[in-house]
Structure formats: structure tokens, C-alpha cells
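Residues per chain are reported as follows:
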Amino acid sequence: MMMMVYTQIESPVGPLLLVADAAGLRQILFVNGRHQARPDPEWKQDAAPLEKTISQLRSYFAGEREEFDLSLAPEGTKFQQEVWRRLSEIPFGETISYGELARRIGNPQASRAVGLANGSNPIPIVIPCHRVIGSNGKLTGYGGGLPIKEKLLALEKKQLRLL
């Protein structure tokens, strides 16, 4: 088993816990999200391996970055991995519905399963699950809370500056 490292950073959407190992970025957790995020006691606190992630997140929040160039290593089922891969294909500043995402993975009847996979995305912001909305155009659940989802979408539409 590889050593997991973590660091916590302040961001315009609240404190974020970043977790990685030699394979890449494993998790971005909202410290004040629906589920209180805390580091696992077996993880080692070390910001150095996460400097590229920190730098890219800061430039994203400053409105200077539209795509991330990071080694990602999210853990999930084959279905979840496919959903997360498709999430990464949603262009910056655009949104799609859960139904559309289900169609894109080739299973139009799977919008609920897509919603569950979307909700279990371990690397929010970088894997842009915030770009998925309800078929009626309304914002739906987000691990960091709907106000954060709304801020991220406004940032991407250039309606808001976070830094």
C-alpha cells in the first residue's frame, strides 16, 4: 500500500483537504461539506507532493485556468470511473443534465445511477461534477453544498471572481 499524503488549504469555497499518493491526486474533500472531512490517522501531512494541485486550484479560483493538468487516481467501480471520465469532458462553463450524462455513457436509463456516481466523485472541482444539473435546469445536490456549486458555475461563466 502506498503512503497517502495530505494537506489542507484555504480556498474561496472554504477549506479543502487534498489527498494524494504516488499514483496521483486521490481526493479533494470539503472540510465543511455535508460530511466533515478529516485526515485519516495513517496519512502523512506533507504539502510538497501537492504543490502542483495547490497551484492549479489557485489559478482556477482566480479565473486563470479552465483545465487541470494533474495525475488523478480516483478509486471507484468501473461504472463510476466511466462517469468521472465523462464528467471531465464537459467543457468549462457549460452544464449538462444527469440524463444527458447517462446518454453519453451509452445508458440513457441510468440517470439515477449516474447521479449516484456523480455524487461519489472523490475529486470535485478538478473532475467537474458541479457541471451536472437537473433536467429542469435547477441545481441539484453537491458535496460541498449548493452555494458552492453555484459559486463554481458562476466563476466558470465569468459572472463571479473568487480571488
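Above: the structure in question.
Residues numbered from 1 in each chain as written. Predicted model: local features only at pLDDT ≥ 70, side-chain atom pairs only at ≥ 80, totals over all residues. Heavy atoms only, no water.

Details of the pattern of salt bridges
In step 1: With the rule as written, the count across this model stands at nine salt bridges.
In step 2: The closest approach of N and O atoms between Arg 26 and Asp 21, which form a salt bridge, is 2.9 Å.
In step 3: Assessed through its relative accessible area of 12%, Arg 26 is described here as buried.
In step 4: The structure contains a network of salt bridges with shared partners spanning Glu 82, Arg 85, Arg 86 and Glu 89. (Salt bridge = Lys/Arg side-chain N within 4 Å of Asp/Glu carboxyl O. Buried < 20%, exposed > 50% of the residue type's maximum accessible area, 1.4 Å probe, protein only.)

Details of the side chain of Asn 121
In step 1: With respect to the helices and strands, Asn 121 occurs in the loop between helix 4 (111-119) and strand 6 (132-133).
In step 2: Of note is the side chain of Asn 121, whose polar atom sits 2.8 Å from the backbone oxygen of Ile 127.
In step 3: Sequence-distant contacts of Asn 121, that is, excluding residues within four places in its chain, are made with Trp 84, Leu 87, Ile 127 and Cys 129. (Helix = DSSP H or I, 4+ residues; strand = E, 2+ residues; numbered from the N terminus. Polar contact = N/O pair within 3.5 Å; in protein donor to acceptor, adjacent residues only side chain to side chain. Contact = heavy atoms within 4.5 Å.)

Describing the nonpolar core
In step 1: The biggest cluster of nonpolar side chains holds 38 residues, and the ones touching the most others in it are Leu 16, Leu 57, Leu 87 and Ile 125.
In step 2: Secondary-structure elements contributing two or more residues to this core are strand 1 (5-9), strand 2 (16-21), strand 3 (24-30), helix 1 (51-61), helix 2 (78-87), helix 3 (98-104), helix 4 and helix 5 (146-156).
In step 3: No other element matches helix 1, which puts four residues into this core.
In step 4: Apart from residues no more than four positions distant in its own chain, Leu 57 is found in contact with Ile 9, Leu 16, Leu 18, Ile 28, Phe 68, Ile 125 and Val 126.
In step 5: Of all hydrophobic cores here, the second largest spans seven residues; its members include Val 19, Val 31, Ala 37 and Trp 43. (Core = buried A, V, L, I, M, F, W, Y, C linked by side-chain atoms within 4.5 Å.)

Let's talk about the side chain of Gln 56
In step 1: Here Gln 56 is to be found in helix 1.
In step 2: According to the relative accessible area criterion, Gln 56 is buried, its value standing at 5%.
In step 3: At a separation of 2.8 Å, a polar atom in the side chain of Gln 56 contacts the main-chain amide nitrogen of Asp 69.

Overview of the environment of Glu 89
In step 1: As for its position among the elements, Glu 89 is in the loop between helix 2 and strand 5 (96-97).
In step 2: Take Glu 89: its relative accessible area is 42%, and that puts it in the partly exposed class.
In step 3: Distance in space between the C-alpha atoms of Glu 89 and Pro 122 is 17 Å, their sequence separation being 33 residues.

Points about the sheet that holds strand 3
In step 1: Strand order in the open sheet made by the four strands is 3-2-1-4, with mixed pairing throughout. Of all strands in the sheet, those with a lone pairing partner are strand 3 and strand 4 (44-45), marking the two edges.
In step 2: Lying on the sheet, helix 1 is in contact with strand 1, strand 2 and strand 3; it crosses strand 2 at an angle near 140°. (Pairing = 2+ DSSP bridges. Axes fitted to C-alpha atoms, helices over the stretch in contact; angles between N-to-C directions.)

As for unusual backbone geometry
In step 1: At Ile 125, a residue that is not glycine, the phi angle is positive and equals roughly 75°.
In step 2: Using a relative accessible area of 0% as the deciding quantity, one classes Ile 125 as buried.

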